[in-house]
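So you can see what is in the structure, the chains are spelled out below.
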Amino acid sequence: MIYLLTNFIIGSCLASHAAVICEHYNQSDFIFTRSHCTICHSELSLLDELPIISYIFLRGRCRYCHGQISAHLFLIEVIGGFAYIQIDFSKVEGQLTAILIFSLLLVAIYDATHSEFHLVMLLPAFFSISYHINNLFKAELLDYIEAFPILILLVIYIFQKKLGSGDLIIYLILILYFNAHFANQVFLFGSIFLLSQFILEKKDFSKKQAIPFIPYLFLGLVIQLMLN
Ligand SMILES: [Zn+2]
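Residues numbered from 1 in each chain as written. Predicted model: local features only at pLDDT ≥ 70, side-chain atom pairs only at ≥ 80, totals over all residues. Heavy atoms only, no water.

- Looking at an unreviewed UniProt entry, one finds the protein named Prepilin peptidase and attributed to Lactobacillus bombicola.

As structure tokens, then:
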């Protein structure tokens, strides 16, 4: 139980920092920057930056200007906490997965706000995958057949410009790091999340609008990681 709780706290801190990186991405010192209130631009103290707890304690308002803080940050911290709940940080395997999750979290947060992401955000993920390269050669064609339907579908959608190539890259990363079955499950859960939001918000299916899919895929990944 303690183990789950510590992991949750580590995850929410990492997620909180990922959100800050995404917010300051176009500035020069974006990696070690401190959070600022988006309204009054006061630099937040460490006490204001405790993930989840600060938000609840300050009732979602800035300590200085009392402006409403976006609930998105709170949501990102909670999801990030759950993403890391099953990670065994004492093993190399767990550390690699933790790095991969952080990379995908960056992409998901950036995609949610900008409907795009920068390839450099995936560098940590590629680092984790490079440790698994040997598994790729060991795997047989049969292990990959499961990936073909979604791969073909993604490629067709990209050619029809219904999807960006980002979703395909994420799918390939999941196959390379985990396996085709795992990647399919993530896409299944992600699609269910996307559909449920459409139904709950009663969105118009016929309307042409760009919806970033990667944040939903990340949610799918969290569920899949928790189930495994
Ligand atoms: Zn403020």
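Read on, since the account is not over.
**Concerning the pattern of salt bridges**
When their charged atoms lie close together, side chains carrying opposite charge are able to pair.
Here's step 1: Evaluation of the coordinates by the stated rule reveals one salt bridge.
Here's step 2: The partner of Lys-91 in a salt bridge is Asp-88, and the shortest N-O contact between them spans 3.1 Å. (Salt bridge = Lys/Arg side-chain N within 4 Å of Asp/Glu carboxyl O.)

**Quick look at the coordination of the zinc ion**
Here's step 1: With distances of 2.2 to 2.3 Å, the protein atoms coordinating the zinc ion are Cys-37 (SG), Cys-40 (SG), Cys-62 (SG) and Cys-65 (SG).
Here's step 2: Geometry at the zinc ion is tetrahedral, judged from the four donor atoms that bind it and their angles of 105 to 118° at the metal. (Donors = N, O, S within 2.8 Å, 3.2 Å for Na, K, Ca; no water. Tetrahedral: all angles 85-135°; square planar, octahedral: opposite > 155°, others 65-115°.)

**A look at the nonpolar core**
Nonpolar side chains in soluble globular proteins generally cluster together in the buried interior.
Here's step 1: In this structure, Leu-104, Leu-122, Ile-170, Leu-174, Phe-218 and Leu-221 are the most contacted members of the largest nonpolar core, which totals 51 residues.
Here's step 2: Counting residues per element, the ones that place at least two in this core are α1 (2–23), α3 (71–83), α4 (92–114), α5 (123–130), α9 (165–177), α10 (180–200) and α11 (214–227).
Here's step 3: Looking at this core element by element, the count peaks at 12 residues for α4.
Here's step 4: When we break this core down by domain, the ones giving at least three residues each are domain 1 (1–85) and domain 2 (91–228).
Here's step 5: Every residue in contact with Leu-221, bar those within four places of it in the chain, is listed here: Leu-104, Leu-174, Phe-178, Phe-182 and Val-186. (Core = buried A, V, L, I, M, F, W, Y, C linked by side-chain atoms within 4.5 Å. Buried < 20%, exposed > 50% of the residue type's maximum accessible area, 1.4 Å probe, protein only. Helix = DSSP H or I, 4+ residues; strand = E, 2+ residues; numbered from the N terminus. Domains from an automatic or database assignment. Contact = heavy atoms within 4.5 Å.)

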